[in-house]
Amino acid sequence: DLESVQWKTATLNLFGKDARAPDPEEAPVIVLAGPTKPLLPQETKLLQEYLNKGGAVLLFLSPGTPDYQDLLKPWGIQTTDDLV
């Protein structure tokens with residue numbers, strides 16, 4: 001468990017009236033592990049704001065995962081439906 005090695009973990013809400021882009025000082029990395037639904041426009045916008053402030057996103061995608069190009073394209077990243 002990450003907390004046993006002194007990494008703090010928390011759930012991040014990127015949707016709704018109280019949603020906001022986290023500060024990279026508070027959350028140096030956001031992990032999206034095995035998402036099964038596409039990001040909503042508000043979620044994509046907040047993640048882009050976070051990345052533009054110097055944050056980092058670790059994204060684990062599986063074949064058949066919904067399209068995440070709205071989030072990845074501004075960073076020059078293109079995904080395919082291949083296995084590695």
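Structure first, text after, so check above.
Residues numbered from 1 in each chain as written. Predicted model: local features only at pLDDT ≥ 70, side-chain atom pairs only at ≥ 80, totals over all residues. Heavy atoms only, no water.

Q: When you look at the pattern of salt bridges in this model, what are you seeing that I'm missing?
A: In a structure, side chains of opposite charge can pair up when their charged atoms sit close to one another. Counted by the stated rule, this structure contains two salt bridges. Across the pair Glu26 and Arg20 runs a salt bridge, and its minimum N-O distance is 3.3 Å. One salt bridge connects Lys45 with Glu49, and the closest N-O pair in it is separated by 3.2 Å. A residue pair is termed a helical-turn pair when its members lie 3 or 4 positions apart in one helix, as Lys45 and Glu49 do in helix α1 (residues 41-52) at four residues. (Salt bridge = Lys/Arg side-chain N within 4 Å of Asp/Glu carboxyl O. Helix = DSSP H or I, 4+ residues; strand = E, 2+ residues; numbered from the N terminus.)

Q: Whenever I open this one, the pairing of strand β1 (residues 29-33) confuses me. Can you help?
A: Walk down a regular strand and you will see the side chains alternate between the two sheet faces. Residues Ile30 and Leu32 point to one face of β1 and are all buried, whereas Val29, Val31 and Ala33, pointing to the other face, are not buried. Two elements, β1 and strand β2 (residues 56-60), share five bridges in a ladder whose sense is parallel. Its bridge partner lying in β2, Leu32 is registered against Leu59. For the handedness criterion, the β-α-β arrangement of β1, α1 and β2 is classed as right-handed. (Buried < 20%, exposed > 50% of the residue type's maximum accessible area, 1.4 Å probe, protein only. Pairing = 2+ DSSP bridges. Right-handed = clockwise from strand over helix to strand, strands pointing away.)

Q: Help me understand the side chain of Gln69 in this model?
A: Relative to the assigned elements, Gln69 resides in helix α2 (residues 69-72). Looking at Gln69, its side chain comes within polar contact range of the side chain of Thr79, at 2.9 Å. For Gln69, the contacting residues outside a window of four places in its chain are Pro74, Ile77, Gln78 and Thr79. (Polar contact = N/O pair within 3.5 Å; in protein donor to acceptor, adjacent residues only side chain to side chain. Contact = heavy atoms within 4.5 Å.)

Q: Teacher, can you tell me more about the side chain of Glu43 here?
A: Of note, Glu43 is situated in helix α1. Lacking a salt bridge, the buried Glu43 has Lys37 as its closest oppositely charged neighbour, with an N-O distance of 9.4 Å. Setting aside residues no more than four positions away along its own chain, Glu43 makes contact with Leu14, Phe15 and Pro38. (Lys, Arg positive; Asp, Glu negative; His and termini not counted.)

Q: Hey, could you run me through the nonpolar core in this one?
A: Nonpolar side chains tend toward joint burial in soluble globular proteins. In terms of nonpolar packing, the biggest core is built from ten residues, these being Leu14, Ala19, Ala21, Ile30, Leu32, Leu46, Leu47, Tyr50, Leu51 and Leu71. Mapped onto this core, the elements with two or more residues apiece are β1 and α1. It is α1 that contributes the most residues to this core, four residues altogether. Sequence-distant contacts of Leu14, that is, excluding residues within four places in its chain, are made with Ala19, Arg20, Pro22, Gln42, Glu43, Leu46 and Leu47. (Core = buried A, V, L, I, M, F, W, Y, C linked by side-chain atoms within 4.5 Å.)

Q: I tried to follow α1 on my own but got confused; where do I start?
A: Residue pairs spaced three or four apart in an α-helix point in one direction, given the helix's 3.6 residues per turn. In this model, α1 (twelve residues) spans 16 Å end to end at C-alpha, consistent with the 16 Å of a helix rising 1.5 Å per residue. For α1, the set of buried residues is Glu43, Thr44, Leu46, Leu47, Gln48, Tyr50 and Leu51. Packed against the buried residues of α1 are β1, β2 and α2. Gly54 sits one or two positions beyond α1 and adopts a positive phi of about 105°. (Expected span 1.5 Å × (residues − 1).)

Taken by themselves, the reported measurements are silent on function.
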